[in-house]
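What follows is the residue order along each chain.
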Amino acid sequence: MKRGLWLVGAVVALAACGSSSTTLSATTVASESSVVTTAAAPAFPVTIGDVTIPSKPARVISLSPTATEMLFAMGAGPQVVAVDDQSDYPAGVPRTDLSGFNPNVEAIAAKNPDLVVVSNDTNNVVAGLGALKIAVLVEPAAATIDDSYKEMNELGRVTGNAAAAATEASMMKQQFADLAAQLAPHKGLRYYHELDPTYYTATSKTFLGAVYALAGLANIGDAADSGGTGYPQLSAEFIVNANPDVVFLADTICCGQNASTVAARDGWSQIAAVRNGLVIGLDDSIASRWGPRTPQLLEAIIAAFKKAGI
């Protein structure tokens with residue numbers, strides 16, 4: 001699967017679970033710190049939910065590109081012995097053919113990990129590895145920006161890097177606060193965030209929606225999320241009829257989408273975003289992961305609006 005479609009595959013797997021969230025405002029970003037400021041790491045064993053890590057893991061496998069970015073950001077890179085085939089950042093990560101979409105218990109176990117991090121329990125990987133006495137930590141797609149901080153801190157605790165993780169989370173929080181201070185009001189503008197050319201999108205109930213909410217934007221996908229997953233698949237007709245003011249493309253790298261390809265779609269030339277030159281291409285990875293680079297998504301939104309003079 002192409003890397004730009006990673007989140008699409010993940011959310012399809014998670015669709016039956018549903019989600020709930022609280023949208024963050026600029027004030028929230030600037031003031032809340034409870035999930036960022038984490039106390040000093042407790043002595044092992046460390047327990048997160050139902051998972052207990054008896055001692056500092058020396059062989060960590062990440063089957064989540066977001067978790068991979070978090071682990072390396074907090075300095076846990078030397079402990080990471082393998083990552084999945086979609087983990088491509090930072091440069092030089094120990095990328096393998098292991099899959100987070102279709103995890104193979106035998107292939108994972110063959111690398112002798114003492115901790116495996118996944119974003120969902122596909123193929124009952126948790127029970128399969130648990131039967132082999134291998135700890136598995138599930139860090140699902142974030143629903144809010146606070147969830148990103150929380151997951152960063154949890155990964156720090158289970159790898160023995162709690163202080164560094166808290167620092168990284170605090171840096172993310174500060175970046176969001178600094179960027180939020182630069183935001184001009186855009187209330188009333190309606191947007192469509194495209195995850196892939198089959199029109200999967202992310203609604204306000206997701207971490208992506210929380211970022212867009214900081215810019216005061218309204219999400220056209222909210223009305224179509226009857227299942228409450230946060231990641232519905234829209235139709236071309238729905239999008240054209242919704243007539244979004246802004247279109248954000250998170251499928252520029254994976255699928256070659258851009259303003260020209262969007263304008264060439266049947267009926268799309270009449271969409272306000274196309275007519276007004278507000279079809280904005282994003283970096284697929286930054287726009288589909290909830291890790292330490294997430295503030296760059298808000299930075300890209302601000303830059304695009306400034307360029308467009310709005």
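Residues numbered from 1 in each chain as written. Predicted model: local features only at pLDDT ≥ 70, side-chain atom pairs only at ≥ 80, totals over all residues. Heavy atoms only, no water.

**Regarding the overall build of the protein**
Reasoning step 1: Across its full length, the protein holds 13 helices and 10 strands.
Reasoning step 2: Within the protein, the fraction of its 310 residues that count as buried is 53%.
Reasoning step 3: For the protein, the proportion of contacts with a sequence separation of at least 24, taken over those separated by at least 6, is 66%.
Reasoning step 4: Total accessible area on the protein is roughly 12,500 Å²; 52% of this is exposed by carbon and sulfur atoms. (Helix = DSSP H or I, 4+ residues; strand = E, 2+ residues; numbered from the N terminus. Buried < 20%, exposed > 50% of the residue type's maximum accessible area, 1.4 Å probe, protein only. Contact = heavy atoms within 4.5 Å. Areas by Shrake-Rupley, 256 points an atom, 1.4 Å probe, with all protein chains shown as cover.)

**A short note on unusual backbone geometry**
Reasoning step 1: With omega at 0 degrees, the peptide bond leading from Y89 into P90 counts as cis.
Reasoning step 2: Position of P90 relative to the elements: it lies in the loop between strand 4 (80-83) and helix 4 (105-109).
Reasoning step 3: Despite not being glycine, N123 shows a phi value in the positive range, around 60 degrees.
Reasoning step 4: On the basis of relative accessibility, which here comes to 42%, the residue N123 falls in the partly exposed class.
Reasoning step 5: The backbone of Y199 shows a phi angle near 75 degrees, a positive value even though the residue is not glycine.
Reasoning step 6: Structurally, Y199 can be placed in the loop between strand 7 (190-194) and helix 8 (207-214).

**Quick look at the state of the cysteines**
Reasoning step 1: Inspection of the entire model under this criterion finds one disulfide.
Reasoning step 2: The partner cysteine of C254 in its disulfide is C255, sulfur to sulfur 2.4 Å. The chirality of the disulfide connecting C254 with C255 is left-handed, given an S-S dihedral of about -95 degrees.
Reasoning step 3: According to the relative accessible area criterion, C255 is partly exposed, its value standing at 24%. (Disulfide = S-S within 2.5 Å.)

No statement about biological role is implied by the geometric values presented.
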